[in-house]
Amino acid sequence: MGTPEFAVPVLTEIVGQGHQVAAVYTRAPKPGGRRGLEPTLSPVHAAALRFGLPVLTPSSLRTEDAAATLTALEPDAIVVVAYGLILPKAILEIAPRACLNLHASLLPRWRGAAPIQRAIMAGDDETGVMVMAMEEGLDTGPVAMVERIEIGPEATADEIHDRLSLIGADLMVRALAAQNRGSLHFTPQAEEGVTYAKKIEKTEARIDWERPAAEVHNLIRALAPFPGAFFEADLGKGSERIKILRAHLVDGSGEPGEALDDALTIACGEGAIAIIELQRSGKAPMSAADFLRGARLSAGSRLAVQKSSDAAL
């Protein structure tokens, strides 16, 4: 049971290890294409079709029909990776061995929807993936296996996502092998240190230049490349939203939002950042140097200061 790209390596490894996949559950196709009329399959759906696996896309698992369908498959185990639907008690009790979930954090820190982004936004210096037994609570189940990685000072959410996805795939097939041997053991999560990784809201993506540079830098890293932390500037044709994809922390001081030089060094509430890569609306990502060839943001220019919580998107 999975939906986004993060879950595809897990499915690939499970198939590659010779496990019999009775069915793949994923979110239903969404309207897409240039006119928004063509159904767009989830990454897991597309991968399942490549493997010739049956795919089910129920809108809910809370019905009697959903429980009956899954029961008829007689699963020994259910593997869940960023599926997107809540698994009620009736579903969790179907697999006799376990319902295993792969979660991208060091539980109990960052339970919930956006653990990678929240870890980076908080300035955490490490994260990881865990195989846990699912319960009715939100990521509260006991943990069987864990792999930790460092979050480098310049690492972006996209980079950490890709690393954890591959590490998690290996971890899950190891967990299934241990389960088959009867040697998969679980440890309850600690009661201390619980935090929640709530879904990223659009209003959080607007950069508040009055925040310390370290916080601005972490926001940029956490939201790169999507949805992308952004600021607004008038480049001659009215206000334009510009995403920052990569930046460095640098020494410097000035009024928040002030360009300190002609190379896109921007003052924050404390310290400054040097913008390395950005993206204009409807354009491909570009370097700061390429951006400045078509934009007028010289030393002394001031970017609009608007607190992220006040943004109306």
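Structure's up top.
A short tour of the structure in this document, coming up. (Residues numbered from 1 in each chain as written. Predicted model: local features only at pLDDT ≥ 70, side-chain atom pairs only at ≥ 80, totals over all residues. Heavy atoms only, no water.)

As for the sheet that holds strand 9 (residues 143-150)
- Spatial ordering of the open sheet is given by 5-6-8-9, a layout of four strands whose pairing is mixed. With one partner strand each, in any of the chains shown, strand 5 (77-80) and strand 9 form the two edges of the open sheet. Shown here is a sheet whose adjacent strand axes are inclined to one another by a mean of 15°, direction ignored.
- Strand direction decides the pairing type here: strand 6 (residues 98-103) and strand 8 (residues 126-133), joined by four bridges, are antiparallel. Residue Leu 100 lies in a different strand from strand 8, and its bridge partner there is Ala 133.
- Where helix 6 (residues 157-181) meets the sheet, it contacts strand 5, strand 6, strand 8 and strand 9, and its direction lies at approximately 155° from that of strand 9. (Pairing = 2+ DSSP bridges. Helix = DSSP H or I, 4+ residues; strand = E, 2+ residues; numbered from the N terminus. Axes fitted to C-alpha atoms, helices over the stretch in contact; angles between N-to-C directions. Contact = heavy atoms within 4.5 Å.)

Considering the packing of helix 1 (residues 8-16) against helix 6
- Packing of helix 1 against helix 6 brings their axes to within 8 Å, and their N-to-C directions diverge by 40°. The pairing of helix 1 with helix 6 is recorded here as oblique in orientation. In this structure, helix 1 crosses over helix 6, and the sense of that crossing is right-handed. Across from Pro 9, Val 10, Glu 13 and Ile 14 in helix 1, the residues of helix 6 making contact are Ser 165, Leu 166, Gly 168, Ala 169, Met 172, Val 173 and Leu 176. (Parallel < 35°, antiparallel > 145°, perpendicular 65-115°, else oblique. Left-handed = near helix turned anticlockwise from the far one by under 90°.)

Overview of helix 2 (residues 43-50)
- Buried within helix 2 we find Val 44, His 45, Ala 47 and Ala 48. Along the axis of helix 2, the buried residues cluster in a sector spanning 165°; they form a single face.
- Those residues of helix 2 that are buried are in contact with helix 1, strand 1 (24-25) and strand 4 (55-56).
- Count one or two residues on from helix 2 and you reach Gly 52, which has phi positive near 70°. (Buried < 20%, exposed > 50% of the residue type's maximum accessible area, 1.4 Å probe, protein only. Arc of directions from axis to C-beta.)

Side note on unusual backbone geometry
- Geometrically, the link from Leu 107 to Pro 108 is a cis peptide bond, its omega value of 15° lying close to zero.
- Inspection of the secondary structure puts Pro 108 in the loop between strand 6 and strand 7 (111-112).
- A cis amide bond links Ala 224 with the next residue in sequence, Pro 225, at an omega value of 0°.
- As for its placement among the helices and strands, Pro 225 is situated in the loop between helix 7 (213-222) and strand 11 (229-234).
- In this structure, Asp 139 is a non-glycine residue whose phi angle is positive, near 55°.
- With respect to the helices and strands, the residue Asp 139 is situated in the loop between strand 8 and strand 9.
- Judged by its relative accessible area of 12%, Asp 139 falls in the buried class.
- One non-glycine residue, Leu 264, adopts positive backbone phi at about 65°.
- Examined against the element boundaries, Leu 264 turns out to sit in the loop between strand 12 (239-250) and strand 13 (265-267).
- For Leu 264, a relative accessible area of 1% gives the class buried.

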